[in-house]
Amino acid sequence: MPEYPLTGLAQHVADPARVLTTPAVLDRLSKDFYWYSPVLKRQLAAKCGDIAIEAIDVGEVLAIAGYAREHGIPVTPRGAGTGNYGQCIPLEGGIILDLSRMDRIEEITSDGVAVCQPGVRLATLEQQANAQGWELRSYPSTLAKATVGGFLGGGSGGIGSISHGMLRDFDTVRALEFVTMEDPPRIVRHEGKAIHEILHCWGTNGILTRIWLALTPAVEWSQCAVAFPTFEAACIFAREIAEDASWTKRLVTVFEWPIPSFFTPIKQVQAPGQALNFFMIATAQAEAFRTAATAAGGQITFSGTYSGPRTQPLLSDYTWNHTTLWAMKADPQWTYLQAGFSATQCLEQTRLLRARFGDEILFHLEFMKTGDGSIVPGSIPLVRFTTEERLNEMIAYCLEIGMSIANPHVNHLEDSGRFRADNIQLQAKHRYDPSGLLNPGKMLSFHPEKQL
Ligand SMILES: Cc1cc2nc3c(=O)[nH]c(=O)nc-3n(C[C@H](O)[C@H](O)[C@H](O)COP(=O)(O)OP(=O)(O)OC[C@H]3O[C@@H](n4cnc5c(N)ncnc54)[C@H](O)[C@@H]3O)c2cc1C
């Protein structure tokens, strides 16, 4: 049983029906897609919050934070719970603060900045932006469910990152407002470079309550699937398209066979035994693109228009970390890694991995732009799980051959891809949450008693 006095919390929300205590509901709201990792699945299955509150405005967030601060109760913010690392799983119980009902889009400015609350679903924002001639710069493949606050709290990038970089790049996040866990809590606004103190901190530094997100002019998109006899040929063509700035694109993905065989709802786009590329290309260039793909030895297996997140078939539903989901549906032994290949040595690195690990690893690349404008093959390879030791051996070998790894089998910020040598996130944690009540246990380098 929790030692915290939870009963007083109901006074801080306008409607007590938004205070949830049913065990099954608490268990559901305490979980995300952590089970993608067999390691985290074992570690986190029993973790659960003690109470969940659906906040509907910043006043309630402030009041709940104040009560939690006064009584020393942990608070874990939550959007839609589609994160992969158990990011929103409360390790020490306490309050699950569900922000999905703070879902108002306040404004889309004439220069293309969306001002919104954190619970807005990305698909809703994309739709509303489209109506005003704009679109998201990048979004995760979980667009339909994921919230803007959760994307900033735990996501990185996705569809669109080939042209606009990751969420952290190119001033995409213009400003943030968040509620601190100081005594007393207050609303703070960060803009410009200072957003990086709070961005992708898994809700450990502040509770996002208002977001300014830069958009990009809307493009009419087409989707195209192209099969190649070999993975090498698929990579070479994808890289050409990715690196050539004259193509207007939103997605450049490569799958080696048999990954496409896991995509059971879209069997018609598969070419058995062959590697497959998925693209989103401006409709104005679609015909020229098909000609280029055929000239490169590719076979167009699908070509169609894109009319938003409900388009069927929707090729992006099989890309980024959705690929892992389809693989796990086919065989639950699959899990994944998040890796960065070298822009110049990618194929050599895949050969080394194949030589060492055989078909324990399957290659899936997502080309993306980095903050300095260069194009790199990001990778979310599938890994056939046997033991944690074998997984760690594979990670160590990836690092040894010059790849980068954001380890999705750990439940803390530092090793899962967002460690910053400048330590600004840790410093912000000391400033805004000195008692360590926000999503405790997720920032390992933080110790409440330690003064910087
Ligand atoms: C099938 C699948 C595919 C995916 N593909 C991608 C992808 O392409 N790219 C990508 O980046 N991610 C991807 N993800 C991960 C995840 O879907 C995204 O990061 C998504 O944006 C998370 O949004 P959410 O609302 O579900 O956040 P949640 O899971 O609810 O929360 C994520 C983190 O943010 C914190 N948080 C939530 N709201 C707030 C707030 N208001 N203030 C402070 N902190 C907050 C939480 O505490 C948690 O630590 C994928 C996941 C799955 C399961």
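A brief look at the structure comes next. Computed from a predicted structure; not experimentally measured.

Another aspect to go through is helix α4 (residues 122-131). For α4, the complete set of buried residues consists of L122, A123, L125, E126 and A129. Angularly, the buried residues of α4 cover 160° about the axis, an arc narrow enough to put them on a single face. In α4, the exposed positions angled more than 90 degrees off the buried face are occupied by Q127 and A131. Structurally, α4 contributes buried residues whose contacts are with β5 (105-108), β6 (113-116), β7 (134-136), α5 (148-154), β10 (207-217) and β12 (249-255). Just past α4, the residue G133 takes up positive phi, approximately 85°.

Contact geometry for helix α10 (residues 346-357) and helix α11 (residues 388-400): axes closest at 11 Å, N-to-C directions at 150°. On the basis of the axis angle, α10 is roughly antiparallel to α11. Here α10 runs over α11; the crossing is right-handed. Here L352, L353, R356 and F357 of α10 come into contact with α11, specifically with R390, E393, M394, Y397 and C398. Among the residues making up the contact of α10 with α11, the classes are represented as six nonpolar, no polar and three charged.

Take the pattern of salt bridges next. Between side chains of opposite charge, a pair can form as their charged atoms come close. Scanning the entire structure with this criterion turns up 18 salt bridges. Residue R101 pairs with E54 through a salt bridge whose shortest N-O separation is 2.9 Å. With R101 in the loop between β4 (95-98) and β5 and E54 in strand β2 (residues 51-54), the pair connects residues that are 47 residues apart, well separated along the chain. Classification of R101 as partly exposed rests on a relative accessible area of 42%. Here R356 and E393 are joined by a salt bridge, their closest N and O atoms 3.5 Å apart. In this pair, R356 sits in helix α10 while E393 sits in helix α11, placing the two residues 37 residues apart along the sequence. Of the residues examined, R356 reaches a relative accessible area of 40% and is grouped as partly exposed.

This next bit is on the environment of L167. In this structure, L167 sits in the loop between α6 (161-164) and β8 (173-179). By relative accessible area, which is 4% here, L167 ends up buried. Separated by 135 residues in sequence, L167 and D32 have C-alpha atoms that sit 21 Å apart. With near-sequence residues (within four places) excluded, L167 lies in contact with S138, F151, L152, G155, S156, G157, T172, V173, L199 and L213.

This structure, assessed with the given rule, holds four cavities of 30 Å³ or more. There is about 50 Å³ of room inside the second largest cavity. Along its surface, the second largest cavity is lined by C235, I236, R239, C346, L347, F367 and P377. Elements that contribute at least two residues to the lining of the second largest cavity include exactly α7 (231-243) and α10. At three residues, α7 tops the list of elements feeding residues into the lining of the second largest cavity. For the lining of the second largest cavity, the per-class residue count stands at six nonpolar, no polar and one charged.

Rules behind the numbers
- Residues numbered from 1 in each chain as written.
- Predicted model: local features only at pLDDT ≥ 70, side-chain atom pairs only at ≥ 80, totals over all residues.
- Heavy atoms only, no water.
- Buried < 20%, exposed > 50% of the residue type's maximum accessible area, 1.4 Å probe, protein only.
- Helix = DSSP H or I, 4+ residues; strand = E, 2+ residues; numbered from the N terminus.
- Arc of directions from axis to C-beta.
- Contact = heavy atoms within 4.5 Å.
- Axes fitted to C-alpha atoms, helices over the stretch in contact; angles between N-to-C directions.
- Parallel < 35°, antiparallel > 145°, perpendicular 65-115°, else oblique.
- Left-handed = near helix turned anticlockwise from the far one by under 90°.
- Nonpolar A, V, L, I, M, F, W, Y, C, P; charged D, E, K, R; others polar.
- Salt bridge = Lys/Arg side-chain N within 4 Å of Asp/Glu carboxyl O.
- 1 Å grid on protein atoms, 1.4 Å probe; cavity = no way out; pocket = protein on both sides within 12 Å on 5 of 7 lines; lining within 4 Å.
- Points joined across faces, edges and corners; volume = space filled by probe spheres on them.

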